[in-house]
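Observations on the three-dimensional arrangement
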Amino acid sequence: MTLQQLKYVIEVARSQSINKAAQRLFISQPSLSNALKELEEELGITIFLRSNKGIIITSEGSEFLGYARQVVEQAELLESRYTNTTSPQKFFGVSAQHYAFAVSAFVRLLKDYDIEKYEFSLRETKTYEIIEDVKNLRSEIGILYVNEFNKKVINKFLGEGNLQFHELFTAKPHIFISSINPLSKKEYVTLSDLDPYPYLSYEQGDYNSFYFSEEILSTLSRPKNIKVTDRATLFNLLIGLNGYTISTGVISHKLNSKDIIAVPLKVDEQIHVGYITHKNVTNSTMANTYIQYLKESVEQEIVQL
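Residues numbered from 1 in each chain as written. Predicted model: local features only at pLDDT ≥ 70, side-chain atom pairs only at ≥ 80, totals over all residues. Heavy atoms only, no water.

1. Thoughts on the packing of aromatic side chains
In this structure the tally under the stated criterion is 11 aromatic pairs. On the numbers, 5.9 Å between centres and 75 degrees between planes, the contact of Phe92 with Phe120 is edge-to-face. In this pair, Phe92 sits in strand β3 (residues 90-96) while Phe120 sits in strand β4 (residues 118-124), placing the two residues 28 residues apart along the sequence. Classification of Phe92 by relative accessible area gives buried; the value is 4%. Here Phe120 falls in the buried class, since its relative accessible area comes to 16%. Aromatic side chains Phe101 and Phe169 sit 5.7 Å apart centroid to centroid with 80 degrees between the ring planes, which places their arrangement in the edge-to-face category. Of this pair, Phe101 sits in helix α5 (residues 100-112) while Phe169 is found in strand β6 (residues 163-171), placing the two residues 68 residues apart along the sequence. Among the aromatic residues, ring-to-ring pairing joins Phe92, Phe106, Phe120 and Tyr290 into one connected group. Above the face of the Tyr293 ring, Arg108 is positioned so that its terminal group lies 3.8 Å from the ring centre. (Phe/Tyr/Trp six-rings, centres within 6.5 Å; stacked < 30°, edge-to-face > 60°. Helix = DSSP H or I, 4+ residues; strand = E, 2+ residues; numbered from the N terminus. Buried < 20%, exposed > 50% of the residue type's maximum accessible area, 1.4 Å probe, protein only. Lys NZ or Arg CZ within 6 Å of the ring centre and 35° of its normal.)

What follows is the structure, encoded as structure tokens:
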């Protein structure tokens, strides 16, 4: 087993395709396939299952990747410390529901890390895709919420993916609205107060189940509904149409306009927001730093709230 083979395995897992990985590694696809086959035969395990649709990481492959990442990371630290070669490119990925604090922590990570080359990804995406991204190691960290309504289903998918939920904070529901919305002067709002206004929620694609909704109380019937796919569009509609959405109330005014405010929603619900990681993968140094920045961003923005 060589360090180069470990790097091959990590790149295939990241690319989700042997062809794409070969292109990124600047080697031929047959050479990469042979290197992977030799490694699997040497170890006596199957790391990847091949199909016409790409590759699937096996459970033993996920465990192996956890160790491989640690070895490669430590080798890169040695190289950067004792050789004059340029710093290796750093990879790090986060998949999240549409939370401003996740972006704040990501911005801080990029500003504070003194590295010459990197390829980072921050995907604000659908709930099911967040779970799949972390399960298949496309992202190290996933950020989502659970509550009494969805936790059995979410926990089922997390368990099947060998994933673990770590709570960041518990929030009481709020609505996000424009500062000029007639409801903005109220100390709190009720569900009946919201009936005249358009309800905005995030599209969940093929997995548009109530249990995967990014907003609580997803089963309630509302007279006016608008589905969106990104946070910028949602905020524009909050202002332009006096719409509303339901969330934690935690909002970053450093990244978002002060035209959007949070008002408490009078319902007997709690929102548990946290991050998910793969049980078989030890967090990278960058992941641990990002998690710490997440916690600090949440603390700061909750104080502001």
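What follows continues from the structure just given.
2. As for helix α8 (residues 231-240)
For α8, the set of buried residues is Arg231, Leu234, Phe235 and Leu238. Looking straight down α8, one finds that the buried residues subtend no more than 95 degrees of arc, so they occupy a single side. Summarising the geometry of α8, the exposed residues directed more than 90 degrees from the buried face are Ala232, Asn236 and Gly240. Residue Asp230 occupies the N-cap position of α8, its side-chain oxygen lying 3.2 Å from the main-chain nitrogen of Ala232. Just downstream of α8 lies Asn242, where phi reads positive at about 55 degrees. (Arc of directions from axis to C-beta. Polar contact = N/O pair within 3.5 Å; in protein donor to acceptor, adjacent residues only side chain to side chain.)

3. With respect to the packing of helix α1 (residues 3-15) against helix α2 (residues 18-25)
Put simply, α1 and α2 touch, their axes get as near as 8 Å, and they point 125 degrees apart. By the angle class used here, α1 and α2 are oblique. α1 and α2 meet at a crossing whose hand is right-handed. Residue-level contacts link Tyr8, Glu11, Val12 and Ser15 of α1 to Ile18, Lys20, Ala21, Arg24 and Leu25 of α2. In terms of residue class, the contact of α1 with α2 is built from 5 nonpolar, 1 polar and 3 charged. (Axes fitted to C-alpha atoms, helices over the stretch in contact; angles between N-to-C directions. Parallel < 35°, antiparallel > 145°, perpendicular 65-115°, else oblique. Left-handed = near helix turned anticlockwise from the far one by under 90°. Contact = heavy atoms within 4.5 Å. Nonpolar A, V, L, I, M, F, W, Y, C, P; charged D, E, K, R; others polar.)

4. Some words on the side chain of Glu140
Turning to its location among the elements, Glu140 is positioned in the loop between α6 (127-135) and β5 (141-146). No salt bridge is formed by the buried Glu140; the nearest opposite charge belongs to Arg69, separated by 5.7 Å. Polar side-chain contacts of Glu140 include one of 2.7 Å to the side chain of Ser284. Apart from residues no more than four positions distant in its own chain, Glu140 is found in contact with Phe92, Gly93, Val134, Ile276, Thr277, Thr282, Asn283, Ser284 and Ala287. (Lys, Arg positive; Asp, Glu negative; His and termini not counted. Salt bridge = Lys/Arg side-chain N within 4 Å of Asp/Glu carboxyl O.)

5. Focus: empty space enclosed by the protein
Enumeration according to the criterion identifies 1 cavity of 30 Å³ or more in this entry. Estimated volume of the largest cavity: approximately 200 Å³. Taken together, 20 residues line the largest cavity, and the ones lying closest to its centre are His98, Tyr99, Phe176, Ile246 and Ser247. Its residues placed into classes, the lining of the largest cavity shows 12 nonpolar, 5 polar and 3 charged. (1 Å grid on protein atoms, 1.4 Å probe; cavity = no way out; pocket = protein on both sides within 12 Å on 5 of 7 lines; lining within 4 Å. Points joined across faces, edges and corners; volume = space filled by probe spheres on them.)

6. Examining the pairing of strand β2 (residues 54-57)
Here 4 bridges tie strand β1 (residues 48-51) to β2, and the two strands are oriented antiparallel to one another. Bridge pairing in β2 places Ser51 opposite Gly54. (Pairing = 2+ DSSP bridges.)

7. Things to note about the pattern of salt bridges
Where side chains of opposite charge bring their charged atoms close, a pairing between them can arise. By the definition in use, this model includes 12 salt bridges. Taking the shortest distance from any N to any O, the salt bridge between Arg24 and Glu11 comes out at 2.8 Å. Of this pair, Arg24 sits in helix α2 while Glu11 sits in helix α1, and the two are 13 residues apart along the sequence. Exposure remark for Arg24: the relative accessible area of 37% places this residue in the partly exposed category. Glu11 sits in the buried class, given a relative accessible area of 6%. Through salt bridges with shared partners, a single network forms among Arg123, Glu129, Asp133 and Arg138.

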